[in-house]
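# Geometric and topological summary
Each chain is listed here by its residues.
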Amino acid sequence: MSIFDSFTDRKGSGNSKWNIEEGMMPMHVADMDFDSPKEVCEAIIERAKTGIFGYQNYTDEYYDAVCGWFKRRHGVEMSKEQFIISPGIVAALAMCVSAFTEEGDGVIMQPPVYGPFFMVTEQNNRKLLLNYLKETENGYEIDFEDFEEKAKQAKLFLLCSPQNPTGRVFTEEELTKLFEICKKYDVFIASDEIHCDFVMDGKHHSMLNIAKGYRKLCVCTAPSKTFNMAGFSNSNIIVPDAEYREILQAAYRKNHIGGMNPISMAATIAAYNKCDYWVDEFNEYIRKNRDYAISRLEGSGMSAYPIEGTYLLWIDCRKFSDDPAKILRENGIIANDGGWFGENGKGFVRFNLACPMARLEKVMDRLLEVFHN
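Procedures and definitions
- Residues numbered from 1 in each chain as written.
- Predicted model: local features only at pLDDT ≥ 70, side-chain atom pairs only at ≥ 80, totals over all residues.
- Heavy atoms only, no water.
- Helix = DSSP H or I, 4+ residues; strand = E, 2+ residues; numbered from the N terminus.
- Rg over C-alpha atoms; globule rule 2.2 N^0.38 Å.
- Contact = heavy atoms within 4.5 Å.
- Areas by Shrake-Rupley, 256 points an atom, 1.4 Å probe, with all protein chains shown as cover.
- Lys, Arg positive; Asp, Glu negative; His and termini not counted.
- Charge placed at Lys NZ, Arg CZ, Asp CG, Glu CD.
- Axes fitted to C-alpha atoms, helices over the stretch in contact; angles between N-to-C directions.
- Parallel < 35°, antiparallel > 145°, perpendicular 65-115°, else oblique.
- Left-handed = near helix turned anticlockwise from the far one by under 90°.
- Nonpolar A, V, L, I, M, F, W, Y, C, P; charged D, E, K, R; others polar.
- Phe/Tyr/Trp six-rings, centres within 6.5 Å; stacked < 30°, edge-to-face > 60°.
- Buried < 20%, exposed > 50% of the residue type's maximum accessible area, 1.4 Å probe, protein only.
- Core = buried A, V, L, I, M, F, W, Y, C linked by side-chain atoms within 4.5 Å.
- Pairing = 2+ DSSP bridges.

## A closer look at the overall build of the chain
Summing up its helical and strand segments, the chain has 12 helices and 14 strands in all. The globule rule puts the C-alpha radius of gyration for 373 residues at 21 Å, and the 20 Å found for the chain is close to it. Taking the intrachain contacts of the chain between residues at least 6 apart in sequence as the baseline, contacts between residues at least 24 apart amount to 74%. For the chain, the exposed surface amounts to about 15,900 Å²; the carbon and sulfur share of it is 47%. Seen as two clouds, the 42 positive and the 55 negative side-chain charges of the chain have centres 2 Å apart.

The structure is reproduced here in structure tokens:
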């Protein structure tokens, strides 16, 4: 039996995903139905025993844990001088928009893409430059010709890699081509790599390696998705260039955003130092969930490309409805509405596969029943 076969009932706990009506099946929020690693829980308990929860500075142990993980897992070199600690990656993207563009400037993104990419751009009165990913028989691909046209008008590129919601893990060649176009037109790259630890097929290539030496770069990372710790609101933003790091840090200071949660620090150190095995087992479990879900969709009129990374399945329901999320909700399943990810997401739903197989089986049974009836 896998450690991921067990399930902790979160109803009534205030958990965002499980704050739902009785009988509903939540598959929407990118929050696992698994407990965090036992090493993380033990570190939290030990830290709590001190009884002291005052203002917390960052320690060398913290930086060493984060740097060690990315060197060990992804071959990425980083140093503590390059860090900006952020309460979340969406906040970091908003700060990048504020710091590196002016009102009316163009910001590139690649729909279908995580909804807040649009929000942090539009709410700051910047111009959306939409480089739509292309559907092919083999999966989603980048339209490089269109990307270059957009880059001519842009100051900032918000990259999502691995890609949410399509589950693409972009190749080294694809990322290098994106970088070369950005470099050609002097576009700042802000790369959201929060799902970097979830790769079933291919290999995650960080922009810290792809664009090494490029000054206009920041890479957004966090332990939140990897270890189901989103409630701690802790992200590590890496800005290699000192000048641009100070520009971004100034945006954080201006908005009085910062600080470190002492419990979060203890949890992060334990996660990155002790939990390689947990992530390895998780990826294998999600691979099995992915393959099972896709096999159940065969012949149903619905389909999904086999995700290469993330734990989010992007299901095409266009044969049945332009708004399948509404139909599913009416029938007891909560899924993310594809339209939230962009115009080319309409008719899709995003499903969270980070749940025990037994639960996934029940959800897939109901999903097929809904559309076949």
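## Things to note about the packing of helix H2 (residues 60-74) against helix H10 (residues 276-297)
One way to put it is that H2 packs onto H10 with a least axis distance of 12 Å and a crossing angle of 45°. Overall, the two elements H2 and H10 adopt an arrangement that is oblique. Here H2 and H10 pass one another in a crossing that is right-handed. In contact with Trp69, Arg72 and Arg73 of H2, H10 contributes Asp276, Val279 and Asp280. The residue inventory of the contact of H2 with H10, partitioned by class, reads two nonpolar, no polar and four charged.

## Some thoughts on the side chain of His74
Within the element layout of this structure, His74 appears in helix H2. When sequence neighbours within four positions are dropped, the list of residues in contact with His74 reads Trp69, Cys196, Asp197, Lys203, His204 and Asn209.

## Describing the packing of aromatic side chains
The full count for this structure, using the stated rule, is 31 aromatic pairs. Both rings, one in Phe227 and one in Trp278, keep their centres 6.2 Å apart while their planes meet at 35°; by these two values the pair is tilted. Residue Phe227 is found in the loop between strand E9 (217-221) and strand E10 (235-238), and its partner Trp278 is found in helix H10; the two are separated by 51 residues along the sequence. Overall, the relative accessible area of 0% leaves Phe227 in the buried class.

## Here's the deal with the nonpolar core
Met207, Ile315, Phe351 and Leu367 are the most contacted members of the largest nonpolar core, which totals 94 residues. Top element by residues in this core is H10. It accounts for nine residues. With residues near it in sequence (within four places) discarded, Leu367 still touches Leu297, Met302, Ile315, Leu328, Ile333 and Phe351. Core analysis: the second largest hydrophobic core is formed by 30 residues, Leu93, Val113, Val120 and Tyr252 among them.

## Side note on the sheet that holds strand E3 (residues 106-109)
Strand order in the open sheet formed by seven strands is E2-E10-E9-E8-E7-E3-E4, and the pairing between neighbours is mixed. What marks the edges here is a single partner per strand, and that holds for strand E2 (83-86) and strand E4 (127-130). Averaged over all adjacent pairs, the angle separating strand axes in this sheet is 20°, with direction ignored. Looking at chain direction, E3 and strand E7 (residues 154-160) are connected through three bridges and run parallel.

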